[in-house]
Amino acid sequence: MRQMQPFFSVVLCTYNRAHLLPRALRSLLHQSWQDWEAVLVDDGSTDLTPLLLAAAAAEEPRLRLFRISHRGAGAARAYGVRQCTGSFITFLDSDDEYLPEHLEIRARFLQQHPEIDFLHGGVEVVGNPFVPDRRNPRRWIPIRACVVGGTFVIRRALLLQLGYPRRRFADDAALYDRVLRSGARIAWIDSPTYRYYRTTPDSVCTQVGLSSRTEVRHASVPFRNG
């Protein structure tokens, strides 16, 4: 039985990512800050993902495994959020990774600024630096002009109050909109310790972009996410 509330709940949702999951899980297990739990949500995978997750959870009790029918990214994250017990909720996409000091830098910042409800920022992009604009997927925008959901750290009580948007695309940007409207105290951190891989051919962003059948156009639209 869990005796103490962890500082972080890390929500990791995945669908058919057996070939990439080990990298994400290793990056979490090797964090310098170890006061965390991880909520692993298998969104109805049909590859070896269930076996890989089960083996990892058997080795590490802080990994809590859940399997649901395939619902898409937003719905899977919404499900995962409801299982969290930590003071703050954060995210790790199964095709991305944390650098070793990622959680510690954010934990120290939050300890030094106890008034903050929502923290984001600090991303290193590997691969294509553009994503489809969520409001117009035929138009591509630079990631530097977006919020990146993997960097979000939000008070659990606030996120449960707001609810996580059940969208298949740009669910993180929709959450950011909800946080803005709530009047929450927001901070941005410039420590690029979240490594965001834009190299996966079947990622949601890539598939949305390909379906738009248009060429990349440069634009700068603050805080729109793809």
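You'll find the structure just up there.
Residues numbered from 1 in each chain as written. Predicted model: local features only at pLDDT ≥ 70, side-chain atom pairs only at ≥ 80, totals over all residues. Heavy atoms only, no water.

Caption draft 1: Geometry of the nonpolar core. The biggest cluster of nonpolar side chains holds 34 residues, and the ones touching the most others in it are Phe8, Leu28, Leu92, Leu103 and Leu110. Broken down by secondary-structure element, the contributors of at least two residues to this core are β1 (8-14), α1 (21-29), β2 (36-43), α2 (49-59), α4 (102-112) and β12 (194-198). Not counting residues up to four positions away in its chain, the partners in contact with Phe8 are Trp33, Asp35, Trp36, Glu37, Gly86, Phe88, Thr90, Leu103, Arg106, Ala107, Leu110 and Val153. Core analysis: the second largest hydrophobic core is formed by 28 residues, Phe66, Ala76, Ala173 and Val179 among them. (Core = buried A, V, L, I, M, F, W, Y, C linked by side-chain atoms within 4.5 Å. Buried < 20%, exposed > 50% of the residue type's maximum accessible area, 1.4 Å probe, protein only. Helix = DSSP H or I, 4+ residues; strand = E, 2+ residues; numbered from the N terminus. Contact = heavy atoms within 4.5 Å.)

Caption draft 2: Just the pairing of β2, in detail. Burial analysis of β2 places 8 of its 8 residues in the buried class, the great majority of the element. Side-chain alternation along β2 places Trp36, Ala38, Leu40 and Asp42 on one buried face and Glu37, Val39, Val41 and Asp43 on a second face that is also buried. The sheet contact formed by β1 and β2 spans 7 bridges and is parallel. Across the sheet, residue Leu12 finds its bridge partner in β2, namely Leu40. Each parallel crossover has a hand, and the one from β1 via α1 to β2 is right-handed. Relative to strand β3 (residues 63-68), β2 runs parallel, the two sharing 6 bridges. (Pairing = 2+ DSSP bridges. Right-handed = clockwise from strand over helix to strand, strands pointing away.)

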